[in-house]
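Residues per chain, in single letters:
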Amino acid sequence: MAFSEYCHKMKTIEEIVAKYGKSFETVRRNFDKLPICNIFQDSSPRSINLIFDGVYFGRSLCYIVCRAGGKTIYYRECPETIENIGIVLDELENMGYEFRSVTVDGRKGVKEYLKWRYPNVPLQHCVFHQKAAIKRYLTASPKTECGQCLKMLMEKLTDMDRASFETELKALKERFAD
């Protein structure tokens, strides 16, 4: 029960210590004895908006992490390849999940694979990764007026709907056409 609160309800060890009247060392020792499980499944798999990404620790250690509804539902230690992404998706489907939408980082080949595998499921490029891609093309302090305007537009990306963003981007392109 305490470990479930720690993993799923985002309780800190300090909160668990206070609630159960055990020492920090006892709680930590008991948590360390538990087997590591890569599935954080709730009792009712369902149709979800899936978000997944590779999380790297150094250059060689990678976990594919899947989230839905603000919670981690699954992770797997493996390289972030199309083959492994397929395995992860198979495992999620076997757990009973269906995908209403999928949000990804835009890694080469992943979007094409997902469009092929789920032709009727909306695919979204993660806004964080969109912003990171734009930053790669801009300097930290753009010198040109066009670069400064593009940077300001990028910073508003998460606060805008698609139509507003496209309208502002079109106006920016027209303004700096030459």
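Just so you know, these numbers come straight off a predicted model, no measurement behind them.

Conventions adopted
Residues numbered from 1 in each chain as written. Predicted model: local features only at pLDDT ≥ 70, side-chain atom pairs only at ≥ 80, totals over all residues. Heavy atoms only, no water. Buried < 20%, exposed > 50% of the residue type's maximum accessible area, 1.4 Å probe, protein only. Helix = DSSP H or I, 4+ residues; strand = E, 2+ residues; numbered from the N terminus. Pairing = 2+ DSSP bridges. Right-handed = clockwise from strand over helix to strand, strands pointing away. Phe/Tyr/Trp six-rings, centres within 6.5 Å; stacked < 30°, edge-to-face > 60°. Axes fitted to C-alpha atoms, helices over the stretch in contact; angles between N-to-C directions. Parallel < 35°, antiparallel > 145°, perpendicular 65-115°, else oblique. Left-handed = near helix turned anticlockwise from the far one by under 90°. Contact = heavy atoms within 4.5 Å. Nonpolar A, V, L, I, M, F, W, Y, C, P; charged D, E, K, R; others polar.

1. Focus on the pairing of strand β4 (residues 98-104)
Here β4 lies mainly inside the structure; 5 of its 7 residues are buried. Pairing geometry for strand β1 (residues 47-57) and β4, over 5 bridges, is parallel. Residue pairing for β4: S47 is matched across the bridge by E98. Pairing analysis gives 3 bridges linking β4 to strand β5 (residues 123-125), with the strands arranged parallel. Within β5, the residue paired with V104 across the bridge is H125. Viewed along the sheet, the connection from β4 through helix α5 (residues 110-117) into β5 turns out right-handed.

2. A closer look at the packing of aromatic side chains
Any two aromatic rings considered together are summarised by their centre-to-centre distance and by the angle between their planes. Counted according to the given criterion, the structure contains 3 aromatic pairs. Where Y113 meets W116, the ring centres are 5.9 Å apart and the plane angle is 35 degrees; that geometry is what we call tilted. Highlighted residues: Y113 and W116, both in helix α5, separated by 3 residues, approximately one helical turn. The exposure class of Y113 is buried, given its relative accessible area of 16%.

3. Notes on the packing of helix α4 (residues 82-94) against α5
Across the interface, α4 lies against α5 with an axial gap of 11 Å and an inter-helix angle of 40 degrees. One way to sum up the angle between α4 and α5 is to call them oblique. You can see that α4 and α5 cross each other, and the crossing is right-handed. On α5, the residues touching I82, I85, G86, L89, D90 and E93 of α4 are V110, Y113, L114 and R117. Its residues assigned to classes, the contact of α4 with α5 comprises 6 nonpolar, 1 polar and 3 charged.

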